[in-house]
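Topology and contacts: notes
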Amino acid sequence: MAVGLFKDVEWTPVGVLSLVGQVLAIVFLLVGLSLLVAIAFGYFGYRKGVVLFPQPIVLLIDVFYSPLKRAFSVIHRDPRLVDDISIALRNHLNRDDYAIVPPKDRVILVPQCLRHTRCPAPMSSEDGFGCKVCGLCDIAKIYKVGEAIGTEIYIAPGGRFAKRILARSKEGGKRAVLGVACHTDLYEGMLASKIGKIPAQGVPLSTEGCVATQVDIERVIDMMLVGVEREEAARVRELIA
Ligand code: SF4
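It should be emphasised that the depicted structure is a prediction, and the values quoted were computed from it without experimental measurement. (Residues numbered from 1 in each chain as written. Predicted model: local features only at pLDDT ≥ 70, side-chain atom pairs only at ≥ 80, totals over all residues.)

1. Observations concerning the overall build of the chain
Within the chain one finds 10 helices and 6 strands. In terms of C-alpha radius of gyration, the chain reaches 22 Å, well past the compact-globule figure of 18 Å for 241 residues. Each of the three principal axes of the chain carries a C-alpha extent, and together these read 75 × 35 × 35 Å. In the chain, buried positions account for 32% of the 241 residues. Within the chain, counting contacts between residues at least 6 apart in sequence, those at least 24 apart form 63% of the total. (Helix = DSSP H or I, 4+ residues; strand = E, 2+ residues; numbered from the N terminus. Rg over C-alpha atoms; globule rule 2.2 N^0.38 Å. Buried ≥ 20, exposed ≤ 12 C-beta atoms within 10 Å, placed from the backbone. Contact = placed C-beta atoms within 7 Å.)

2. Re the nonpolar core
Core analysis: the largest hydrophobic core is formed by 41 residues, its most contacted members being Ile-108, Leu-109, Val-110, Ile-139, Ile-142, Val-177 and Val-180. With sequence-adjacent residues up to four places away left out, Ile-142 is seen in contact with Ile-108, Val-110, Ile-153 and Val-220. Among the nonpolar cores identified, the runner-up in size contains 10 residues, and Ala-38, Ile-39, Ile-61 and Leu-89 belong to it. (Core = buried A, V, L, I, M, F, W, Y, C linked by C-beta atoms within 7 Å.)

3. Side note on the site of the ligand
Neighbouring the ligand are 14 residues, the closest being Cys-119, Cys-131, Cys-134, Cys-137 and Ala-140. For the shell around the ligand, the per-class residue count stands at 10 nonpolar, 2 polar and 2 charged. (Near = placed C-beta within 6 Å. Nonpolar A, V, L, I, M, F, W, Y, C, P; charged D, E, K, R; others polar.)

4. As for the pairing of strand β5 (residues 176-181)
Summarising burial for β5: 6 of the 6 residues are buried, a large majority. Burial along β5 is two-sided: Ala-176, Leu-178 and Val-180 and Val-177, Gly-179 and Ala-181, pointing in opposite directions, are all buried. Two strands pair when backbone bridges link them, and strand β1 (residues 106-111) and β5 are joined in this way by 4 bridges, in the parallel orientation. Residue pairing in the sheet places Val-107 in a bridge with Val-177 of β5. A crossover connection joins β5 to the parallel strand β6 (residues 200-204) through helix α8 (residues 183-195); in handedness this β-α-β unit is right-handed. (Pairing = 2+ DSSP bridges. Right-handed = clockwise from strand over helix to strand, strands pointing away.)

5. Examining the domain arrangement of the chain
Once the domains are mapped, the chain shows domain 1 (10-84) and domain 2 (100-239). Each of domain 1 and domain 2 has a C-alpha centre, and the two are 33 Å apart. Taken together, the contact pairs 4 residues of domain 1 with 6 residues of domain 2. With 3 residues, the single largest contributor to the side of domain 1 that touches domain 2 is helix α5 (residues 80-99). When grouped by side-chain class, the residues that make up the side of domain 1 that touches domain 2 number no nonpolar, no polar and 4 charged. (Domains from an automatic or database assignment.)

6. Observations regarding the environment of Arg-47
By secondary structure assignment, the location of Arg-47 is in helix α2 (residues 13-48). Spatially, the C-alpha atoms of Arg-47 and Leu-136 are 33 Å apart, while their sequence positions differ by 89 residues.

7. What to know about the environment of Cys-134
Among the secondary structure elements, Cys-134 is positioned in the loop between β3 (128-129) and α6 (139-149). Measuring from C-alpha to C-alpha, the distance between Cys-134 and Ile-217 comes to 16 Å, with 83 residues separating the pair along the chain. Discounting chain neighbours no more than four positions away, the residues touching Cys-134 are Pro-120 and Ala-140.

The following block contains the structure:
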């Protein structure tokens, strides 16, 4: 194809411009096709629970994240599917590195919107909301499990706070992170963790919004207990039964 392209080129300004146009068209076509194939594999894997070519698909999503989300909106598909695919693949890629870190060396970040609307937790600019384990929302379960296995938990008032806590935790010796957040924040958080070389696992909110959001709490507890001995994990689960 390349030889054919250059064979008939007229080496005049118009001819060169035409060549550049053709080369760009081919590049766009190849990029578009790669994206289509990557998303098709990613979507298929996500729906079927199998993982296909995780590394290149995650890379393509990272590079074309915004255009991909726009494209999904244009074809009336939920753009959060792009985040879902990326989060699922990153969870797969990071699982082993996360699992070998003891729970006491992990940190968990949950969003403040997960709290009950009558949450009595006081807010500190240093550490976020301090859960009172009142039981009005599922964060109480996360706290109880965290206390039992020695994992620190932070209720983040925003994405910037979460990034600051992540950096502080890394300086303090934490070596892995479990994040709960809305799709976009979780995608960005897991990307930041990748750049910061901290193995991350993530659970996106099942109901998003500004207040009283929801998450699959069983999935969060499962991820907290990754790497914990079976008997110990069973004992911890009884605490929140
Ligand atoms: S369990 Fe914690 S975070 Fe949830 S409402 Fe009670 S104090 Fe607030």
